[in-house]
Amino acid sequence: EPEVTQTPSHQVTQMGQEVILRCVPISNHLYFYWYRQILGQKVEFLVSFYNNEISEKSEIFDDQFSVERPDGSNFTLKIRSTKLEDSAMYFCASSEQGGGPIQETQYFGPGTRLLVL
Amino acid sequence: GQQLNQSPQSMFIQEGEDVSMNCTSSSIFNTWLWYKQDPGEGPVLLIALYKAGELTSNGRLTAQFGITRKDSFLNISASIPSDVGIYFCAGNNAGNMLTFGGGTRLMVKP
């Protein structure tokens, strides 16, 4: 069964450093998403991406964050200058399309655990 | 923003027992989804509900989309040890953003 994959599974970085989290969405999906989950808390929406541009973003997704689809398979989340409070699990998700509720169902990757020291 | 209130926060049950958890919202959602998350893993979709009043089953799992579109419940029948995990409800409102509930942590005693 097709699945969303993410790399790396774990990342440790120093405060102020840039990190890039990578995702490979399900191959026939057109909508891509990033969510984060701070330890012990609920999953929070960051951003959605369609047709090479951001379609929606939350207040968490400030100008320290950016997303990119550099080629036909990868979808990346970049944090320019990490802060301690960026430590969290980051989940990528994808959905087939936006044409109806079934096609909008989002499937999640296993996540990248980011630790900022 | 929209909030989903999920209850209970945690449950500790005996293997074989039935489980029920629910989510409520002050605002309407067009789609309700139930996900399960194992430790260190991403949410895995269990059931998706697309119509108000819809009742859907997936094996031992049954979920319903409330008629007012403001609530949903998930039932697990005859629980087994591998049901252990955190169950999240999530709502989608004709946009791209999923709003998640706080989760129900289920623990099953063999």
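Described in the following lines is the structure provided in the data block. All of these numbers come straight from a predicted model, not from anything done at the bench. (Residues numbered from 1 in each chain as written. Chains lettered and ligands numbered in written order. Predicted model: local features only at pLDDT ≥ 70, side-chain atom pairs only at ≥ 80, totals over all residues. Heavy atoms only, no water.)

A few words now on the overall build of chain A. A tally of helices and strands in chain A yields one helix and eleven strands. Going from N to C terminus, chain A has its helices and strands arranged as β-β-β-β-β-β-β-β-β-α-β-β. Against the 2.2 N^0.38 benchmark of 13 Å for 117 residues, chain A shows a C-alpha radius of gyration of 14 Å, consistent with a compact globule. Its C-alpha atoms put chain A at 40 × 30 × 30 Å along the principal axes. The buried share of chain A, reckoned over its 117 residues, is 45%. Sequence-distant contacts in chain A: of pairs separated by 6 or more residues, those separated by 24 or more amount to 55%. (Helix = DSSP H or I, 4+ residues; strand = E, 2+ residues; numbered from the N terminus. Rg over C-alpha atoms; globule rule 2.2 N^0.38 Å. Buried < 20%, exposed > 50% of the residue type's maximum accessible area, 1.4 Å probe, protein only. Contact = heavy atoms within 4.5 Å.)

With that settled, consider the state of the cysteines. Residues and elements named next belong to chain A. Counted by the stated rule, this structure contains two disulfides over all chains. Between the sulfur of Cys23 and that of Cys92 lies a disulfide, 2.0 Å long from S to S. Since a negative S-S torsion denotes a left-handed disulfide, the Cys23-Cys92 link at about -65° is left-handed. Of this pair, Cys23 sits in strand E3 (residues 19–24) while Cys92 sits in strand E9 (residues 88–95), and the two are 69 residues apart along the sequence. (Disulfide = S-S within 2.5 Å.)

What follows deals with the pattern of salt bridges. When charged atoms on two side chains of opposite charge get close, those side chains can pair. Per the counting criterion, the structure on display carries three salt bridges over all chains. For A:Glu44, the salt bridge goes to A:Arg36, with nearest N and O atoms at 3.2 Å. For A:Glu44, a relative accessible area of 24% corresponds to the partly exposed category. Of the charged contacts in the structure, one is a salt bridge between B:Asp38 and B:Lys36, with a shortest N-O distance of 3.3 Å. (Salt bridge = Lys/Arg side-chain N within 4 Å of Asp/Glu carboxyl O.)

Residues and elements named next belong to chain B. Here we have five strands laid out as an open sheet, ordered E1-E3-E8-E7-E6, and antiparallel in their pairing. The sheet terminates laterally at strand E1 (4–7) and strand E6 (55–58), the two strands that pair on one side only. Geometrically, the sheet is characterised by an average inter-axis angle of 15° between neighbouring strands, direction not taken into account. Pairing of E6 with strand E7 (residues 61–65) involves four bridges; the strand directions are antiparallel. Bridge pairing in E7 links Leu55 to Gln64. (Pairing = 2+ DSSP bridges. Axes fitted to C-alpha atoms, helices over the stretch in contact; angles between N-to-C directions.)

Of all hydrophobic cores here, the largest spans 22 residues; its most connected members are A:Trp34, A:Leu46, A:Phe61, A:Val67, A:Phe75, A:Leu77 and A:Tyr90. Those elements that place two or more of their residues in this core are E3, strand E4 (31–37), strand E5 (44–50), strand E7 (65–68), strand E8 (75–79), E9 and strand E11 (112–116) of chain A. A:Phe61 has contacts with A:Leu46, A:Val47, A:Ile54, A:Ser66, A:Val67 and A:Leu77, leaving out every residue within four places of it along the chain. Core analysis: the next-biggest nonpolar cluster, separate from the first, contains 21 residues, B:Leu4, B:Val19, B:Met21 and B:Phe65 among them. (Core = buried A, V, L, I, M, F, W, Y, C linked by side-chain atoms within 4.5 Å.)

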